[in-house]
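Analysis of the macromolecular model
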Amino acid sequence: MASTLPALLVSLSDRFTGFRRPGASFAFMMLGSALTLALSFLVHQVPEGHVGVYWRGGALLNTTTRPGLRLKYPLLTRFEAVQVTMQSNSVEDIPCGTKGGVILVFDKIEVVHRLLEDFVIETLRDYGLGYDNRWILDKIHREVNEFCTSHSLQQVYVDVFNQIDDELKDALQADCTRYAPGIEIISVRVTKPTIPERIRWQYEDMELKRIELYEDGRDTDDQKQSTADLTVFVQNLVQMLRVVICFFDSDALGEMGSLIDRLEQSISDLRAEMEQKGSPPSAAPKPKEEPKLADDSA
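Everything numeric in this text was worked out from a predicted model, so none of it was measured.

To continue, consider the sheet that holds strand β8 (residues 183-190). An order of β6-β7-β8 is seen for the three strands of this open sheet, with the pairing classed as antiparallel. One side of each edge strand has no neighbouring strand; the edge strands of this open sheet are β6 (87-97) and β8. Direction aside, neighbouring strands of the sheet carry axes that sit 30 degrees apart on average. Strand direction decides the pairing type here: β6 and strand β7 (residues 103-115), joined by 10 bridges, are antiparallel. When the sheet's bridge partners are listed, E92 is paired in β7 with K108.

Structure representation (structure tokens):
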């Protein structure tokens, strides 16, 4: 624009005058450059997702502007674009000491927040453009250290680690609501802390042993339960056979008696196996005596 505007002015001058005076081209070029420079100071752009705030003579004005091209007084008014959509700030390498004196380091903590548009002027007047440093980034260090000093290493690293995000979010939002109500804390994301290598190896070894014990115990319990269930099933089957045998003729009594004897032997074998493993099953109720049948052959 700086190069085309002077040339356009010179062309218009030649068209209306019909001749070119000495030095006219240079004068029109200087005039075009001056207009371009003036426009650059007058016109500014407010990007989408931001609002324009203005200082005149060092004093913050009470008005804001929406996204688009805007005008301001050159040299007298200073302009800044303030974001009012969600933004993310992160803090890295945050050391803290647990209740037992172990030093942990959180590699990264990310905070997602937003400045409400209705509170832009109030927040900037109280805390300036660096409001997020005061109420978010600087405050993260203090909140993390307070959390660690009130918990043990086991709690911070394992037991309550999944609660750190919510506790930090609530702590940040509580102070912002009280002192800077225009700041809204949306979420906090905390990475797993780094602990000394020697302690980390101990935790990994303990976790492996816990998994092994759990799997061994589960296999033993399943095996005991399966054996007990099978024993009860066979006992119930014997009782049913003793009742049903009453309806058979004398020729089938011998075969049914042999079957019952084999089933009772299986029950005895299962009991013996469970007693060897140290978990004898509870005594099953003694089956009722079957009624004696008269010998039909007599």
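Looking now at the nonpolar core. In this structure, F106, I109, V144 and I183 are the most contacted members of the largest nonpolar core, which totals 43 residues. At the level of elements, β2 (50-56), β6, β7, α3 (120-127), α4 (131-149), α5 (153-159), α6 (164-179) and β8 are the ones that each hand at least two residues to this core. It is α4 that provides the largest number of residues to this core, a total of eight residues. If we ignore the near neighbours within four places in the chain, the residues touching V144 are I94, C96, F106, I109 and L168.

This part takes up the pattern of salt bridges. This structure, assessed with the given rule, holds nine salt bridges. Note that D175 is salt-bridged to K139, the shortest N-O span being 2.1 Å. Linking D175 in helix α6 with K139 in helix α4, this pair joins segments that are 36 residues apart in sequence. For K139, a relative accessible area of 5% translates into the label buried.

For α4, built from 19 residues, the straight-helix expectation of 27 Å at 1.5 Å per residue is met to within 8% by its first-to-last C-alpha distance of 27 Å. Of all bends in α4, the biggest is about 45 degrees, found at K139.

Counting buried residues in β2 gives six out of seven residues, a clear majority hidden from the surface. Note: β2 against strand β5 (residues 77-83), seven bridges, orientation antiparallel. Looking at β5, one finds that Y54 is bridged to F79. In sequence, β2 turns back onto strand β3 (residues 59-65) through a hairpin of two residues, with G57 there showing a positive phi of about 65 degrees.

What counts as what
- Residues numbered from 1 in each chain as written.
- Predicted model: local features only at pLDDT ≥ 70, side-chain atom pairs only at ≥ 80, totals over all residues.
- Heavy atoms only, no water.
- Pairing = 2+ DSSP bridges.
- Helix = DSSP H or I, 4+ residues; strand = E, 2+ residues; numbered from the N terminus.
- Axes fitted to C-alpha atoms, helices over the stretch in contact; angles between N-to-C directions.
- Core = buried A, V, L, I, M, F, W, Y, C linked by side-chain atoms within 4.5 Å.
- Buried < 20%, exposed > 50% of the residue type's maximum accessible area, 1.4 Å probe, protein only.
- Contact = heavy atoms within 4.5 Å.
- Salt bridge = Lys/Arg side-chain N within 4 Å of Asp/Glu carboxyl O.
- Expected span 1.5 Å × (residues − 1).
- Bend = angle between axes of the 7 residues up to and from the residue.

Read these as spatial facts, not as claims about activity.
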